[in-house]
Amino acid sequence: MTDPVLSLTDARLTLPGNAGPVEILRGITLNIQRGETVGLVGPSGSGKSSLLMLMAGLERATGGQVRALGQDLTALDEDALARFRRGNMGVVFQSFHLIPTMTALENVAIPLELAGAPDAFPRAEAELAAVGLAHRIDHYPSQLSGGEQQRVALARAAAPRPALFLADEPTGNLDATNGAAIMDLLFSLRDRHGATLVLVTHDADLARRCDRIIRLADGRLATADLKAAE
Ligand SMILES: Nc1ncnc2c1ncn2[C@@H]1O[C@H](COP(=O)(O)OP(=O)(O)OP(=O)(O)O)[C@@H](O)[C@H]1O
Ligand SMILES: [Mg+2]
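Below is a summary of the structure that appears in this document. (Residues numbered from 1 in each chain as written. Chains lettered and ligands numbered in written order. Predicted model: local features only at pLDDT ≥ 70, side-chain atom pairs only at ≥ 80, totals over all residues. Heavy atoms only, no water.)

### Quick look at the pattern of salt bridges
Counting across every chain of the model gives ten salt bridges. In this structure, E148 and R136 form a salt bridge, with 3.7 Å as the shortest nitrogen-oxygen distance. In this pair, E148 sits in helix 5 (residues 146–158) while R136 sits in the loop between helix 4 (120–130) and helix 5, placing the two residues twelve residues apart along the sequence. Taking the relative accessible area as the measure of exposure, R136 reaches 25% and is therefore partly exposed. Among the charged side chains, a salt-bridge network with shared partners connects R190, D191 and D211. (Salt bridge = Lys/Arg side-chain N within 4 Å of Asp/Glu carboxyl O. Helix = DSSP H or I, 4+ residues; strand = E, 2+ residues; numbered from the N terminus. Buried < 20%, exposed > 50% of the residue type's maximum accessible area, 1.4 Å probe, protein only.)

Right, here's the structure in full:
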C-alpha cells in the first residue's frame, strides 16, 4: 500500500484569543490516499478552513503531526514550506488572495513562471479560457466580480497541475452553470493528472461527487467519520 498523500495524527490548533487561548482544532487524525477526492463539511466555525490551512502548511499545528506527500510539514521552516507548496500544492482560499496590482492573466501566469514553465503566458490564457474567462484576462481583480475572482484563483491554483489540490468553497460564489464547469475542472485534475482533492464545501452537488465526506464539528471529526479515519 502506498503512503497516504495527507496524514494527520492528533493535529491540534490553538490560537490566542482576547479571552484566552481558543482551541480551534482539537486532535484530528485522518489519512487521505492518492487520487482520493474528499469533501470537508461542517457548520460555520467548525474549523474547516483552519484544517485546510494546516494541510497546506499555511498554519502550523500547535500539536500532533501533519504529513503531506511524505513530508512532515511541522518540521519545515517558512521558506522550505513555500518551496514545497510551490512544487506540489494548489491552494484556493475562501477569500481569493489574488494580487491586486496584476491582471487576471498575470495572476495565473506568475506561479507557472516561478515553476520555470517556458510557456507561462499562453498556458495561463488557456487556463483562464477553461474557467470561462477568456474575455477578462486583462482585468485587474478589482474589475472582476466575486465569482470571476474565484475562477481566476482556481485557474491559478490548477495551472501547475499540483499533486495535491486544496480549495475552500470553490463553488461558493458561482451560479449553477459556472459551478458545474468548475466542478468538471476540479475532477479533471484528478482524472487526468491523478491529483488528490480536498474541497471545503456547503454545496451538496459538489459533496456528492466526492469519494468521501469528512465532517467537522467544533474542531473535531464528527463521530461518523472516526471509523473511516482509523
Ligand atoms: N486567527 C484566529 N484566532 C482566533 N480564533 C480564530 C482564528 N481564526 C479562526 N478562529 C476561530 O476558529 C474557529 C474555526 O474557524 P474556521 O475559519 O476554520 O471555520 P470554518 O469551518 O471554515 O467556518 P465557515 O464555514 O464560516 O468558513 C472559528 O470559531 C473562528 O472564530
Ligand atoms: Mg471557512
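### What to know about the coordination of the magnesium ion (ligand 2)
Between any two of four tetrahedral donors, the ideal angle at the metal is 109.5 degrees; between two of six octahedral donors, it is 90 or 180 degrees. The magnesium ion (ligand 2) binds to the protein through S49 (OG) and Q94 (OE1), with metal-donor distances spanning 2.0 to 2.5 Å. Note that S49 is positioned in helix 1 (residues 48–56) and Q94 in the loop between strand 6 (89–92) and helix 3 (104–114), a separation of 45 residues in sequence. Overall, the relative accessible area of 25% leaves S49 in the partly exposed class. (Donors = N, O, S within 2.8 Å, 3.2 Å for Na, K, Ca; no water.)

### Topic: the packing of helix 5 against helix 6 (residues 176–193)
Their axes nearest at 11 Å, the elements helix 5 and helix 6 cross at an angle of 10°. The angle between helix 5 and helix 6 places the two elements in the roughly parallel class. Between helix 5, through R151, L154 and A158, and helix 6, the contact on the second element is made entirely by N178, I182, L186 and L189. (Axes fitted to C-alpha atoms, helices over the stretch in contact; angles between N-to-C directions. Parallel < 35°, antiparallel > 145°, perpendicular 65-115°, else oblique. Contact = heavy atoms within 4.5 Å.)

### Re the nonpolar core
Counting residues in hydrophobic clusters, the biggest one holds 37 residues, and the most contacted among them are L128, V152, F165, L186 and L197. Of all the secondary-structure elements, those providing two or more residues to this core are helix 3, helix 4, helix 5, strand 7 (164–168), helix 6 and strand 8 (196–200). Excluding residues within four positions of it along the chain, F165 makes contact with G90, V92, L154, A157, A158, L186, L189, T196, L197 and V198. Residues I32, A56, A68 and L81 belong to the second largest nonpolar core, which totals 34 residues. (Core = buried A, V, L, I, M, F, W, Y, C linked by side-chain atoms within 4.5 Å.)

### Considering the site of ligand 1
Taken together, L15, I24, P43, S44, G45, S46, G47, K48, S49, S50, Q94 and H202 make up all the residues around ligand 1. Take G47: an N or O atom from its main chain is 3.0 Å from an oxygen atom of ligand 1. At 2.6 Å from an oxygen atom of ligand 1 is found a side-chain nitrogen or oxygen belonging to S50. Here ligand 1 loses 60% of its free accessible area of 640 Å² to cover by the protein chains. For the shell around ligand 1, a count of residues per class yields three nonpolar, eight polar and one charged. (Near = heavy atom within 4 Å. Polar contact = N/O pair within 3.5 Å; in protein donor to acceptor, adjacent residues only side chain to side chain. Areas by Shrake-Rupley, 256 points an atom, 1.4 Å probe, with all protein chains shown as cover. Nonpolar A, V, L, I, M, F, W, Y, C, P; charged D, E, K, R; others polar.)

### Let's talk about the sheet that holds strand 4 (residues 63–68)
In space, the four strands of this open sheet follow the order 2-1-4-5, with antiparallel pairing throughout. Each edge of the sheet is formed by a strand with only one pairing partner; in this case those strands are strand 2 (20–32) and strand 5 (71–72). In this sheet, strand 4 lies alongside strand 1 (residues 6–17) in antiparallel orientation, the contact comprising five bridges. Note on strand 4: the bridge partner recorded for R12 is G63. Packing of helix 1 onto the sheet brings it into contact with strand 1, strand 2 and strand 4, and relative to strand 2 it is tilted by some 65°. (Pairing = 2+ DSSP bridges.)

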